[in-house]
Amino acid sequence: LIQCTNEMNVNIPQLADSLFERTTNSSWVVVFKSLITTHHLMVYGNERFIQYLASRNTLFNLSNFLDKSGLQGYDMSTFIRRYSRYLNEKAVSYRQVAFDFTKVKRGADGVMRTMSTEKLLKTVPIIQNQMDALLDFNVNSNELTNGVINAAFMLLFKDAIRLFAAYNEGIINLLEKYFDMKKNQCKEGLDIYKKFLTRMTRISEFLKVAEQVGIDRGDIPDLSQAPSSLLDALEQHLASLEGKKIKDSTAASRATTLSNAVSSLASTGLSLTKVDEREKQAALEEEQARLKALKEQRLKELAKKPHTSLTTAASPVSTAAGSIMTTPAIDIFSTPSSSNSTSKLPNDLLDLQPTFHPSVHPISAASQAGGTWG
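Residues numbered from 1 in each chain as written. Predicted model: local features only at pLDDT ≥ 70, side-chain atom pairs only at ≥ 80, totals over all residues. Heavy atoms only, no water.

## Considering the overall build of the protein
Worth spelling out the cut-off: Segments assigned H or I by DSSP are reported as helices when at least four residues long, segments assigned E as strands when at least two residues long, and all are numbered from the N terminus. In what follows, a contact means two residues having at least one pair of non-hydrogen atoms within 4.5 Å. All accessible areas in this document rest on Shrake-Rupley with a 1.4 Å probe, and a residue is counted as covered only by the protein chains that are shown.
Regarding its fold elements, the protein presents 12 helices and 0 strands. Walking the protein from its N terminus toward its C terminus, one meets helices and strands in the order α-α-α-α-α-α-α-α-α-α-α-α. Put simply, of all contacts in the protein between residues at least 6 apart along the chain, 76% involve residues at least 24 apart. By element, 54% of the accessible surface of the protein is carried by carbon and sulfur atoms, the whole surface being about 21900 Å².

Structure, rendered in structure tokens:
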């Protein structure tokens, strides 16, 4: 299916609609399969797939889904409702900003770091909504012993790393611009930063669950929180813009606080990037191993082909009645005997330069030709 999304002659809407159609099934098994497949294509498929999902008026309508067929159906339905909400939010986020937060360029010249103040204040809340929907999957280590839930969680884990990396860079950009913002912008920025601190606590809990279920410690990033003094500095700056009396703080101390905070968040960003790069490298190595296996298989097939051709050429020919002829097959590449009119037919058909006789054929030759074409 991933390969299908990269083929220009494949109808992406039809592919996506087929998956959506399966989510109307009453069985949690079919619905969960459809959701995991959709998420897999959103992450690893061509961008055309998520573009189509973002363009749809309606997405997964599973907020009331409930499989009443058994006890397991009740339990799994809970995760289907949460999972579908995240996939909806992921598609809606793409519709709002026209890119996938988990795939944007990062670093000092990345999308979130170079965004203008106005655009940044509109974009970061969109990341917050997507992050909230992801963390609301809210699964514990005991529930992850279920293979189906675990499959969804692994995709969510990879999204969480990349999404939080973009979120973190947006906050760094926000802090760097904060002391030059207007009063209303500072108010919005302060609210965004406070929400970021809450979500950092939640993502830390999410990563602890990941560690408990066996994800390698090296694949889990270290999150460094900004010093609490930064929040005080932000609040004091806003208070001063609102004309309130505050304790005096020098520009130098404020700059030091901001620098320490940005350094801590940059350290978190670096840790997230290292984890992401390791995951990409592992995926690349897996793909190379798969290609190597396919290449070896192809070479084996090619090695067998000459033997197969000889076998086919020497094999008996089936008659129209369905019985097998026991006479040897005619070798159309051999030089036929001139006395055998039947064996002359293949030679006449394959010879590109037949001998031309301008004179009238004698009767014997004519009767021979008649016998051949008859």
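## Describing the packing of aromatic side chains
So the rule is basically this: Any pair of Phe, Tyr and Trp rings, taking the six-membered ring for Trp, is counted once the centres come within 6.5 Å. Such a pair is stacked with planes under 30 degrees apart, edge-to-face with planes over 60 apart, and tilted for the rest. Buried means the residue's accessible area, taken with a 1.4 Å probe over protein chains only, is under 20% of the maximum for its type, while exposed means over 50%, and partly exposed covers the values in between.
Within the structure shown, the criterion is met by 11 aromatic pairs. When the ring of F99 is compared with that of F101, the centres are 5.3 Å apart and the planes differ by 85°; the resulting orientation is edge-to-face. A relative accessible area of 0% places F101 in the buried class. Arranged with centres 5.1 Å apart and planes meeting at 90°, the rings of Y167 and F196 form a pair that is edge-to-face.

## Side note on the packing of helix 5 (residues 71-97) against helix 7 (residues 147-178)
We apply this condition: Angles run from 0 to 180 degrees between N-to-C directions of axes, and those axes are lines fitted to C-alpha atoms, restricted for helices to the stretch in contact. If an angle is under 35 degrees, it is roughly parallel; if it is over 145, roughly antiparallel; if it lies from 65 to 115, roughly perpendicular; otherwise it is oblique. Crossing handedness follows the turn of the near helix against the far one: under a right angle anticlockwise gives a left-handed crossing, and clockwise gives a right-handed one. Side-chain classes follow a simple rule in which Ala, Val, Leu, Ile, Met, Phe, Trp, Tyr, Cys and Pro form the nonpolar group, Asp, Glu, Lys and Arg form the charged group, and the remainder, Gly included, forms the polar group.
Helix 7 packs onto helix 5 with a crossing angle of 25° between their chain directions and a minimal axis gap of 12 Å. What the angle tells us is that helix 5 and helix 7 run roughly parallel. Here the hand of the crossing between helix 5 and helix 7 comes out left-handed. Contacts between helix 5 and helix 7 involve M76, F79, Y83, Y86 and K90 from the former and V148, I149, A152, L155, L156 and D159 from the latter. Classifying every residue of the contact of helix 5 with helix 7 by side-chain character gives 9 nonpolar, no polar and 2 charged.

## Some points on unusual backbone geometry
Look at A98: it is not a glycine, yet its phi comes out positive at around 65°. Within the fold, A98 resides in the loop between helix 5 and helix 6 (117-135). Take A98: its relative accessible area is 55%, and that puts it in the exposed class. Of note in the backbone geometry, N138 takes a positive phi value of approximately 45° without being a glycine.

## Let's talk about the pattern of salt bridges
Using the following cut-off: In the sections that follow, a salt bridge refers to a side-chain nitrogen of Lys or Arg positioned within 4 Å of a carboxyl oxygen of Asp or Glu.
This model, assessed by the stated rule, comprises 12 salt bridges. Between R298 and E301 there is a salt bridge; the shortest N-O distance is 3.4 Å. Remark: E301 and R298 occur in helix 10 (residues 251-314); sequence separation between them is 3 residues, near one turn of the helix. The class for E301 is partly exposed, based on a relative accessible area of 35%.

## Considerations on the environment of S84
Mapping S84 onto the fold places it in helix 5. The sequence separation of S84 and I36 amounts to 48 residues, and the corresponding C-alpha distance is 9.5 Å. Sequence-distant contacts of S84, defined by excluding residues within four places in its chain, comprise L35, F60 and L62.

## Digging into the packing of helix 3 (residues 28-44) against helix 4 (residues 47-55)
Contact geometry for helix 3 and helix 4: axes closest at 7 Å, N-to-C directions at 120°. By the angle between their axes, helix 3 is oblique relative to helix 4. Two packed elements cross with a definite hand, and for helix 3 against helix 4 that hand is left-handed. Across from T38, L41 and M42 in helix 3, the residues of helix 4 making contact are F49, I50 and L53.

## What to know about helix 7
Inclusion rule: Here a helix's expected span is defined as the number of its residues, less one, multiplied by 1.5 Å. Polar contact criterion, stated in full: a pair of N or O atoms within 3.5 Å, where within protein one must be able to donate a hydrogen and the other to accept it, and residues adjacent in sequence count only if both atoms are side-chain atoms.
If you check helix 7, its first and last C-alpha atoms are 45 Å apart, about what 32 residues at 1.5 Å a residue would give, namely 46 Å. Within helix 7, 24 of the 32 residues are buried, which leaves it mostly tucked inside the rest of the structure. Near the N-terminus of helix 7, the side chain that reaches the backbone nitrogen of V148, with its oxygen 2.8 Å away, is that of N146.

## Comments concerning the confidence of the model for the protein
The following threshold applies: As a per-residue quantity, pLDDT reports the predictor's confidence and falls between 0 and 100.
For the protein, the average pLDDT comes to 79, and 70% of its residues sit at 70 or higher. In the predicted structure, residues 308-327 sits below a pLDDT of 50 and forms 10 contacts with residues beyond four places in sequence or in another chain.

## Examining helix 9 (residues 228-241)
Here helix 9 is 14 residues long and its end C-alpha atoms lie 21 Å apart, about the 20 Å a rise of 1.5 Å per residue gives. Within the sequence span of helix 9, burial applies to L230, A233, L234, Q236, H237, L238 and A239. Phi turns positive, to about 85°, at G243, one or two residues after helix 9.

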